[in-house]
Every structure is written in C-alpha cells, then in structure tokens.
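Coordinates in review
Chain residues, written in single-letter form:
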Amino acid sequence: MLLPKTSLLCLGLIFVFSSCQKDEPIPSLPQEVMVVPVHFPKAVYDFGNFPPDNKKVAIGRRLFYDELLSLDSTISCASCHNQSSAFSDGGRQVSSGINGAFGFRNAPALFNLAWKPLFMWDGGIVNLELQPIAPLTDAHEMSISLNQALGRLNSSTQYRSLFKEAFLQETISTQMLLVSFAQFLSSMVSYQSPYDDFYQGKEAALNAAQQRGLKIFRNNCHSCHSEPLLSDFSFRRNGLTITSLDSGRQRITLNIDDRGKFMVPSLRNISRTAPYMHDGRFETIDEVLENYMHPQNINQIDEAIGDGILLSVQEQSDLKEFLESLDDKQFLNDPKFSDPIN
Amino acid sequence: MSYTIFMNFNSKLFIALILGFSSILTSCKKDELPDPILPTQPANEIGMFKIEFEHLFNSANFTLNTAYTTSEGEEVTFTKLNYYISNIQLSKTDGTTWSEPESYHLVKLSDPISTLITINDVPKGQYNGMTFMIGVDSTRNVSGAQTGALDPANEMFWSWNNGYIFVKSEGTSPQSSSGNFEYHLGGFKNANGSNAIQNLNYNFGSSTLDIQPNAAPQIHMMVAVNHFFSHNGSTLKVADMSTLHMPGAMAVGIASRFSTGFMFDHIHN
C-alpha cells in the first residue's frame, strides 16, 4: 500500500454561508454526499455556497446533453465531448460548432475537473463554474448568449420544475445554470484504472511490461505528468513548432516568456483521447513519443525535455503498455455520465 | 430521478466523504480586510444616499446615438457605454470609514435608472469623502458564478480570459476603417502592467454628505466622456485603433484616462 487506507479526507459539515449570497436560498444540507478517491489530493473546486447534491448533478447532466443550448439547437456539449472518448472529441483535431464553424484547438477530455486549477489549454478560465460560458457563447461553438440560454430554459416547464426543486427558485439564473454544470462536471471522476489499483498497492493490476513502463514513466515523464492525476497543470513548451496563430499561455498572461506554452494534459484514458496536443497535430501515441525523443523545436523547450528523451525500442514498448493501464473502463462506460435524454 | 454519486466503495478504493472540498471560503471577500459583520442597525441609526452620474461630452449633455467630435477631430457616436462602479466607501473627518457591503453596480447608459445608484443601510452621520473603483476588484474577477451586477449574463465578462469588462464602449465612427469602434476595457492582474482597475478618491470639500433616517441626499458626479478619447495631451484616435478586446497596457491607458473624467460636482442633502 502506498497510502494508508484510513486517510479519510472528511472535511465534514463545515459550511459557512457567507453574507454576500444572502439573496440566494441556503440549500438544506443534502442527504447525498460528494466523494473523492482517497488516493487523490485535495480538490480545487469548493462548490462555493452550493453543497453538491444529486438534483443539481442531474440537471447538469441533462444540460450537458441538451441541444437546446446551441443557437440552432443542433449540438450539445456532448457533441464534442463524448463519453467513449473520455469526453474528448474522438479523432477530431478540432471540433465543429454550429453552421460548420471550427474551433481552433483540440477539444480536451473531461474528467477529474474538480482537481484542475485552471481550464482550457491556455488556462484562461479560472473557475469550473465559469468554464461552460466559453463553449456556450463562442461563435465557433454553440454560439448562444447566456440570456438566450436562460430564456429557453425558463420557457421549459420541465427545466423550471427541475431547477425549482434543486434551488428553490422560480426563475432559472445564470448562477443556477453554471452551478448545475459544475456539479455534474465535478462528478465525472476517473479513478478506477488498473494504474489506480496498482498505485494503491494492488501489484497484480499491472503486468510486467506495464510495471517496467511505469518505472520509465517515473524516470522521464512524471515531473510534468505528476501522479496520481497525471498532470501538474503547469504550462510548458514541449518541443512543438509554435504557430503564429496560437501563442498559448501568452494570450492570457501577455508575458512573452509564456509564448507557445500550453497546459500539461492528464494522461488518463489516453488511448481514447487522440489526436494529441493542443492542436491535435499527432494522431498516435507513437508520434507523441517521437516528439519527446526528437522534438520538432528545441528552441526554449522545457528543461525537463531538454534535447529530447531517448528511449530504446523496448522502453517505448513498455511505456506504451503502461499508458494503456491508464484507461478507466468504468469511467468510459459509467451510466451515470451517459445521455439521460435519449 | 435518484442515484448516488460515486457509490463505488471497496476496500482498496476507500473513498473519502467530502462535503464542500475545502474550507476556502474566500470567494466573497475582497482584497482588503474582510468587512466586519455588523449587527443590524436600528432604523433610527441608518439612512440612505444616491449617487447620480451625469454624462457630458465636451460640456454638452452626452447621450447614446448622438454624434460628438473628439479633440482629434474624429466623429464618434456611442451605441453602448457600460461601466462598473464598485467598492464604494465613505469617510468622515475623523478618519473612520464605512464600506458598502456587496458594492457592485453596473451603470448602463441605455438604462437611465442605472445611472442613479441607491445605497441603503448607511450609518447616519456626516461624511466628507468617498472612494470607489471603476472596475471590479481582483477577487471577484476570479470567483465562481456571480449574481446581480456581476452576473455574466450582463455580457460584461470575458469567457475566454476570465475577468470582468470594466468599461464597455461601442459605437460608430466614420474615421474607423470598419465604421465601428469597440473598446472593452478590463484586466485585474498586476503582472505585465495589465491592471486596469481605477481607484478614485473624492473629498467633498466644503460640502458634507449628511446621512439621516428619512433623508435622501444625493451625490452628483459629472462624467466627461470625452476623456475616453483625450485628456492632458494623451489621446486615442479611432483611426489608429478601433477595436480593443483584451487586457493590457492599451486598456490600462484608456481606463486611466477615462477615469479622469469622473468629477465630483455637488451634493444635495
């Protein structure tokens, strides 16, 4: 065992409803509880003044799959974040929004979002509750204003009644919409891969090649793809040619030193999340490994990569075997996250 | 509809219960010391006041959809002018201050009612100064989904680079190559000189804001919108730059110049 079984992360019923939300109903403490895997660190998202409950999670799930939230009612969040691809847009470099518009970066996989300090490849979004605003309102994605979305939801007797039951409010507000999304997104926790079992002491969970691969991973990849979330959520240049169209983290910080840096993605479910990198430039894991061995661009490359990380053919093979152990089949097939409408 | 989240208990994956993942409860606090939670004041100890913002352009009454000429000779017609006034604080001659709780106000010239801000539950007394921000304090720029004036549905929020748009001005100008101008000013980070928050400080001079039960004193502010384009030799020409949608030095420069147009005029008690 790497971790004591009993490290209960219970923070208990420490709720202080601060005065600034006095106009909001104070939710009664839910019977249900939000739970996190014991081998994970403390989460970042704190649920604000809205303790997690299943009613809000259920609304968020429904919203995630509802095409009502795109301007022409043709796409939902799930159109570009599908479960079998770990909620990435399986196989697509960039995704298509309404009217055939294309976004400019690869749709990220969605899991363990409550542990992410920042969102998007450039970290421009700072709170899980604020994340849905971007795809909803972006003209290349769902292209709907928050007021239009709220108007549609408030015109639906079904949504009104669901929200009323969850929030004790007659009119659906932006906050109710975003909190419901955030609670569903928080519930999407991927923690049951063979790697997780091994991490918690079940040695048989990984075969010999995978165990060798894990050692190679820990010697070469771990400093950025830190365990157990498999990302440290930092921004780094990993040896890609930088296109003038996308300055990465610099777009947010305006700091020239951040040019071409993107957030380190988690490697969980990696076999399902191709293509890879912020622009989906690599179709296969082999191409990704090739870039770490022989970077396209070593100018200002992250020092953890340096001139490249050389691995033997056997090491590459072991490492790839290990990466397969990051697939969380329970998560990929969990009916709790599937389409509740159809 | 009923199901339970994460009920996948087993001995290896011992799962921790967690309610509200952390004790971080700072999301409603401002940068400065938190406001003390005061007991409710009795009605005979409190009053209210209003702040009226009257807008001018080169001394003429300013309204949307009217053409004005800047000092650089450009013609500008605003179709939208919205800005945040936040963190209003009153001060007395003895140095004590009173801060409005939850002090976030969105002034929209398209909505005349919003140009008259009403502030209730102020401890009675004579006040001789006021401070406020044009913009939104850094903490609220990075908090979760907000309500009221800070509701993102007010479209004063950048979805892709989180933070509030402190001042949103849009309109038309024949000097713009596109025919339009759009200046969205914001930015709260000190790094790279992109903090566009404007802290304004007024002394009422010989006037006093006298807060009493059953009184409705009013602070009259003049806003010289022409300062958006020029003041003291610093200028913005629509022909040079007609669109700005991001934080940074340009936004700070315009916000700073615009703030010089906010002038205390008088108080009616």
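Concerning empty space enclosed by the protein
On inspection of all chains with the given rule, the structure shows five cavities of 30 Å³ or more. Taken as a whole, the largest cavity spans an internal volume of roughly 80 Å³. Residue classes in the lining of the largest cavity are distributed as six nonpolar, seven polar and one charged.

Section: the environment of K215 of chain A
Following the sequence through the fold, K215 of chain A ends up in helix α8 (residues 208-220). For the pair K215 of chain A and D318 of chain A, spaced 103 residues apart in sequence, the C-alpha to C-alpha distance is 9.3 Å.

Quick notes on the side chain of E74 of chain B
Residue and element names in this part refer to chain B. Mapped onto the fold, E74 is located in the loop between β4 (67-69) and β5 (75-91). One buried charged side chain, E74, makes no salt bridge at all; its nearest oppositely charged neighbour is K237, positioned 5.3 Å away. A polar atom in the side chain of E74 sits 2.9 Å from the backbone nitrogen of A239. Setting aside residues up to four positions removed in sequence, E74 forms contacts with Y68, T69, Q175, L236, K237, V238 and A239.

A few points about the packing of helix α1 (residues 54-64) of chain A against helix α5 (residues 157-167) of chain A
Residue and element names in this part refer to chain A. At a minimum axis separation of 9 Å, α1 and α5 run at an interaxial angle of 150°. On the basis of their axis angle, the class for α1 and α5 is roughly antiparallel. In this structure, the crossing between α1 and α5 has a hand that is left-handed. Along the contact surface, α1 presents K55, K56, I59, R62 and L63, while α5 presents Q158, Y159, L162, F163, E165, A166 and F167. When its residues are assigned to classes, the contact of α1 with α5 shows seven nonpolar, one polar and four charged.

Quick word on the pairing of strand β12 (residues 163-172) of chain B
Residues and elements named next belong to chain B. The buried count for β12 comes to nine of ten residues, which makes it a mostly enclosed element. Pairing between β5 and β12: six bridges, direction antiparallel. Along β12, the bridge assignment pairs N82 with K168. In this structure, strand β11 (residues 157-158) lies alongside β12, joined through two bridges in antiparallel fashion. Residue W158 lies in a different strand from β12, and its bridge partner there is G163. Connecting β11 to the antiparallel partner β12 that follows it, the hairpin turn spans four residues.

Focus: the state of the cysteines
All names here are of chain A. Scanning the model with the defined rule gives zero disulfides over all chains in all. This cysteine, C77, is not joined by any disulfide, and C80 carries the nearest cysteine sulfur, 9.0 Å off. A relative accessible area of 13% means that C77 is categorised as buried. C221 provides the cysteine sulfur closest to C224, a residue in no disulfide bond, and the two sulfurs are 8.8 Å apart.

What counts as what
Residues numbered from 1 in each chain as written. Chains lettered and ligands numbered in written order. Predicted model: local features only at pLDDT ≥ 70, side-chain atom pairs only at ≥ 80, totals over all residues. Heavy atoms only, no water. 1 Å grid on protein atoms, 1.4 Å probe; cavity = no way out; pocket = protein on both sides within 12 Å on 5 of 7 lines; lining within 4 Å. Points joined across faces, edges and corners; volume = space filled by probe spheres on them. Nonpolar A, V, L, I, M, F, W, Y, C, P; charged D, E, K, R; others polar. Helix = DSSP H or I, 4+ residues; strand = E, 2+ residues; numbered from the N terminus. Buried < 20%, exposed > 50% of the residue type's maximum accessible area, 1.4 Å probe, protein only. Lys, Arg positive; Asp, Glu negative; His and termini not counted. Salt bridge = Lys/Arg side-chain N within 4 Å of Asp/Glu carboxyl O. Polar contact = N/O pair within 3.5 Å; in protein donor to acceptor, adjacent residues only side chain to side chain. Contact = heavy atoms within 4.5 Å. Axes fitted to C-alpha atoms, helices over the stretch in contact; angles between N-to-C directions. Parallel < 35°, antiparallel > 145°, perpendicular 65-115°, else oblique. Left-handed = near helix turned anticlockwise from the far one by under 90°. Pairing = 2+ DSSP bridges. Disulfide = S-S within 2.5 Å.

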